[in-house]
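So the chains spell out like this:
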Amino acid sequence: MSKLLEVRVNKWVFPAFARVTRDGNPLHTDSRYAVGEGFKDTPAQGVFLQAQFERALYLADKRVATDYRFKFENPVYDGDNLSFELARKGEDTLDIDCFNQDRTRVGIVKAGFFPKGDLETPTSDNVFSGNYDLDIERVNEFYDLIEQEREERVPLTLVSSLIPSALLDISSRGGTIQGRYSSMTMNLFNNPRLGDFDVNIFTRTPRERGGLHIYPFRGDVHQNGRPIVSAGIMVFSPEDLKL
C-alpha cells in the first residue's frame, strides 16, 4: 500500500468541529455520555474522518470524484495516529484504507470518477426539509480544523455534513434519533458554491436486527434548484424513531 496522509487526532478539535458541521451529538463532546454509550471516550465524528479521506483522495487523484462509498469500521479517539493508504487504483476508481497506530482499520472509502448523472426521484417518504447556509468564515474554519491549506472550492465533506445535521434537527423536533451511522454512499451532481442549501430527508420503513432498528435514510442537497449531492446513510437506533 502507498501511504498518502498521516493525521494525529487531537480531542480539542471535536467541539469546534461539531460547531462548524452543526453536529450537536453529545457522543463527540461529552466523555461521560460516550462511556455510557459503550465507548472508551468521546470518538471523533464520522464527518471528521470523511474530511481526512477527502484530503487523501485529492492527494491520490486531482480529479473530483462523483461517486463515494464510505464505511466507518472502528472508533477514532484522541491521540490516534491515522494512516491513509492507497489500497487500489484503477482508471476511474480508487480505494483508500485508514489505519490507526495499532494497524486496526478504522475506515475505508471507495471513490469513482464517472460522468455526472441525474438525480433520481425519491421513492420513499419525505420526513424533513430544512435550509442551511455555508459562508466563507465556516469554510475557512473547517480548513483550519483539518489542518489543510485553504482552497477556493467549498469542501464536499462540509456540504454533505448538512445531511447528518438535518437528521439531528429531526431529533430537536421530537424525532429522537439516538442511533449512529456506520456507512454512507454519496453522489456528486454539481459543484457547490457559498450560500444557502436546501436539504430534504427521506426514509423507508425500518427493519429490525439484533434489537436495533435500521433506518435507510436518503438526503438530497440542492442549491438554487440545482442538485448538489445525494447521500444514503444507514442509521442504527435502539428505539423506534416513529417517523
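Since the structure is predicted, the reported quantities are computational estimates derived from the model, not experimental observations. (Residues numbered from 1 in each chain as written. Predicted model: local features only at pLDDT ≥ 70, side-chain atom pairs only at ≥ 80, totals over all residues. Heavy atoms only, no water.)

Novice: Just checking my understanding: could you explain unusual backbone geometry for this structure?
Specialist: With the exception of glycine, the majority of residues adopt a negative phi angle, and the majority of peptide bonds are in the trans configuration. One non-glycine residue, Arg 103, adopts positive backbone phi at about 65°. Along the chain, Arg 103 turns up in the loop between β4 (93–99) and β5 (105–112). Even without being glycine, Glu 147 reaches a positive phi, approximately 55°. Mapped onto the elements, Glu 147 comes out in the loop between α4 (136–145) and α5 (156–160). (Helix = DSSP H or I, 4+ residues; strand = E, 2+ residues; numbered from the N terminus.)

Novice: Looking at this structure, how should I read the environment of Phe 14?
Specialist: Among the secondary structure elements, Phe 14 is positioned in helix α1 (residues 13–20). For Phe 14, a relative accessible area of 1% corresponds to the buried category. Taking the C-alpha atoms as reference points, Phe 14 and Ala 44, separated by 30 residues in sequence, lie 6.4 Å from one another. Excluding anything up to four places from it in sequence, Phe 14 contacts Val 9, His 28, Thr 29, Thr 42, Pro 43, Ala 44, Gln 45 and Asp 78. (Buried < 20%, exposed > 50% of the residue type's maximum accessible area, 1.4 Å probe, protein only. Contact = heavy atoms within 4.5 Å.)

Novice: Would you mind going over the side chain of Asp 23 with me for this structure?
Specialist: Within the secondary structure, Asp 23 is located in the loop between α1 and α2 (31–36). A distance of 3.0 Å separates the side chain of Asp 23 from the backbone nitrogen of Asn 25, its partner in a polar contact. Not counting residues up to four positions away in its chain, the partners in contact with Asp 23 are Ala 18, His 28, Gln 45 and Leu 168. (Polar contact = N/O pair within 3.5 Å; in protein donor to acceptor, adjacent residues only side chain to side chain.)

Novice: Would you mind showing me how to read α4 here?
Specialist: The α-helix winds at 3.6 residues per turn, so residues separated by three or four positions along the chain end up facing the same way. Burial in α4 covers these residues: Val 139, Asn 140, Phe 142, Tyr 143 and Leu 145. Buried positions along α4 lie against α1, α3 (46–60) and α5. At the exit of α4 stands Glu 147, carrying a positive phi of roughly 55°.

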